Amino acid sequence: MRPRIHPESRQVVFRDRAANALFLTRSTAASVRTVEWEDGNTYPLIDVDISSASHPFYTGTSRVVDTAGRVERFERRYGRTAPARP
């Protein structure tokens, strides 16, 4: 690698908010929040919505998505613009 053109890679903790799992890995991502890891060191903390700990492909489980509730909430918020087809 050419010097001084790549971002600095460092140890970072990623927290999966859905599964409440923590992963320590190398990354160039920056964060102002920190967390103390099992080894006693403090690392930057980055929250993610989904990871291999909570993704249905990796866990083998599937979640039921409430599409009817989403449609009803959309219709309540914005109303129907066209009459329903028979």
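Quick note: structure is the one above.
About the cut-offs
Residues numbered from 1 in each chain as written. Predicted model: local features only at pLDDT ≥ 70, side-chain atom pairs only at ≥ 80, totals over all residues. Heavy atoms only, no water. Helix = DSSP H or I, 4+ residues; strand = E, 2+ residues; numbered from the N terminus. Contact = heavy atoms within 4.5 Å. Areas by Shrake-Rupley, 256 points an atom, 1.4 Å probe, with all protein chains shown as cover. Polar contact = N/O pair within 3.5 Å; in protein donor to acceptor, adjacent residues only side chain to side chain.

### Quick word on the overall build of the protein
Piece 1. Along the backbone of the protein there are two helices and four strands.
Piece 2. For the protein, the sequential pattern of α-helices and β-strands runs β-β-β-β-α-α.
Piece 3. Within the protein, contacts between residues separated by at least 24 positions form 33% of all contacts whose residues are at least 6 apart in sequence.
Piece 4. Surface summary for the protein: the accessible area is close to 7400 Å², and the carbon and sulfur share equals 51%.

### Some details on the side chain of Ser-27
Piece 1. Along the chain, Ser-27 turns up in strand 2 (residues 21–27).
Piece 2. Among the polar contacts made by the side chain of Ser-27, one reaches the main-chain amide nitrogen of Ala-29 at a distance of 3.0 Å.
Piece 3. Setting aside anything within four residues of it in sequence, one finds Ser-27 in contact with Glu-8, Ser-9, Arg-10, Val-12 and Phe-14.

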